[in-house]
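Working through the structure, step by step
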Amino acid sequence: MARKPATWYIATPADGIIEISRQAGTPVNLAASVGQVIDHPNPCANLWFDETRFSYFRMVKRVGEALEDTSIWPVTWPIRLWIVEPLGETGNWSQRHYPYRLLAHQIRVLEETDAHLALGAGGRDVCPGPTHPVRDETGRSPVWTPTSAYRPPSDSVHSH
């Protein structure tokens with residue numbers, strides 16, 4: 001029986017641009033590239049050990065790890081989650097320590113998927129809001145942190 005190929009994920013802010021690519025001055029917009037192949041705009045020469053700001057596409061197969069190492073800080077909700085296909089030569093820093101991570105210089109953006117998956121199995125319970133950009137009364141996107149979704153029961157607050 002053939003093994004099912006791994007699904008690879010990349011998280012972006014709501015505009016679909018990979019945040020570390022924006023910070024490096026070479027913005028890569030996954031939202032504008034669904035179904036297309038994207039070549040890295042500035043690939044590293046020292047395969048997979050070049051730690052310049054944006055030297056390769058970083059993707060994960062453990063969807064719960066998708067927000068790690070994205071440079072989206074503070075994390076704003078919503079984020080967008082993309083399923084991508086690595087193309088060409090791939091690698092990572094260590095199969096032993098990072099078997100869930102993959103680096104590539106070329107990807108195909110297959111589709112956008114439910115961003116709540118990046119928050120884990122109970123993602124909708126952690127952050128039940130929509131997966132599209134929302135604005136508060138000032139027009140800004142609300143900032144999401146792991147504790148901002150928690151609201152203690154009103155009876156747990158005691159007055160003295």
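So, here's what we can say about the structure. Only a predicted model underlies this, so the values are computations on that prediction, with no experimental measurement involved. (Residues numbered from 1 in each chain as written. Predicted model: local features only at pLDDT ≥ 70, side-chain atom pairs only at ≥ 80, totals over all residues. Heavy atoms only, no water.)

Looking only at helices and strands, the protein chain features two helices and five strands. Each helix and strand of the protein chain, placed in order from N terminus to C terminus, yields the pattern β-α-β-β-β-β-α. As displayed, the protein chain has an accessible area near 9,500 Å², and 53% of this comes from carbon and sulfur atoms. (Helix = DSSP H or I, 4+ residues; strand = E, 2+ residues; numbered from the N terminus. Areas by Shrake-Rupley, 256 points an atom, 1.4 Å probe, with all protein chains shown as cover.)

Proteins that are soluble and globular tend to have nonpolar side chains buried together. Core analysis: the largest hydrophobic core is formed by 16 residues, its most contacted members being I18, L30, F57, M59 and I107. Residue assignment for this core shows that the elements contributing at least two residues are β1 (8-13), β3 (57-60), β4 (79-91) and β5 (101-113). Top element by residues in this core is β5. It accounts for four residues. Counting 15 residues, the second largest nonpolar core, distinct from the first, contains W77, I79, Y100 and A118. (Core = buried A, V, L, I, M, F, W, Y, C linked by side-chain atoms within 4.5 Å. Buried < 20%, exposed > 50% of the residue type's maximum accessible area, 1.4 Å probe, protein only.)

Time to look at the pattern of salt bridges. All chains considered together, the criterion is met by five salt bridges. E85 is the partner of R108 in a salt bridge, and the nearest nitrogen-oxygen pair spans 2.6 Å. Of this pair, R108 sits in strand β5 while E85 sits in strand β4; the two residues are 23 residues apart in sequence, bridging distant segments of the chain. The class for R108 is partly exposed, based on a relative accessible area of 27%. (Salt bridge = Lys/Arg side-chain N within 4 Å of Asp/Glu carboxyl O.)

With that settled, the discussion passes to the packing of aromatic side chains. All chains considered together, the criterion is met by one aromatic pair. Ring geometry for F54 against F57: centres 5.9 Å apart, planes inclined by 75 degrees, an arrangement best described as edge-to-face. Comparing F54 with F57 shows no difference in burial state: the two are buried. (Phe/Tyr/Trp six-rings, centres within 6.5 Å; stacked < 30°, edge-to-face > 60°.)

Within β1, six of the six residues are buried, which leaves the element mostly enclosed by the surrounding structure. On β1, burial covers both faces: W8, I10 and T12 on one face and Y9, A11 and P13 on the other are all buried. Pairing of β1 with β4 involves six bridges; the strand directions are antiparallel. Along β4, the bridge assignment pairs W8 with V84. (Pairing = 2+ DSSP bridges.)

Once that is clear, we can look at the environment of G120. As for its position among the elements, G120 is in the loop between β5 and α2 (123-126). Relative accessible area serves as the criterion here: at 28%, G120 is assigned to the partly exposed category. Sequence separation between G120 and G64 is 56 residues; the distance between their C-alpha atoms is 5.1 Å.

The residue S33 is located in the loop between α1 (19-23) and β2 (37-39) in this model. Among the polar contacts listed, one links the side chain of S33 to the backbone oxygen of N29, at a separation of 2.8 Å. Beyond its immediate chain neighbours, meaning those up to four positions away, S33 contacts I38 and V109. (Polar contact = N/O pair within 3.5 Å; in protein donor to acceptor, adjacent residues only side chain to side chain. Contact = heavy atoms within 4.5 Å.)

Another aspect to go through is the side chain of H105. Positionally, H105 belongs in strand β5. Looking at H105, its side chain comes within polar contact range of the main-chain nitrogen of C44, at 3.3 Å. Every residue in contact with H105, bar those within four places of it in the chain, is listed here: I38, D39, H40, P43, C44, L47, W48, S55, Y56, F57 and E89.

The next thing to look at is the pairing of β3. Side-chain positions along a regular strand alternate between the two faces of the sheet. Of the two faces of β3, the one lined by F57 and M59 and the one lined by R58 and V60 are each fully buried. Relative to β5, β3 runs antiparallel, the two sharing four bridges. Bridge assignment links V60 to a residue of β5, and that residue is R101.

Taken by themselves, the reported measurements are silent on function.
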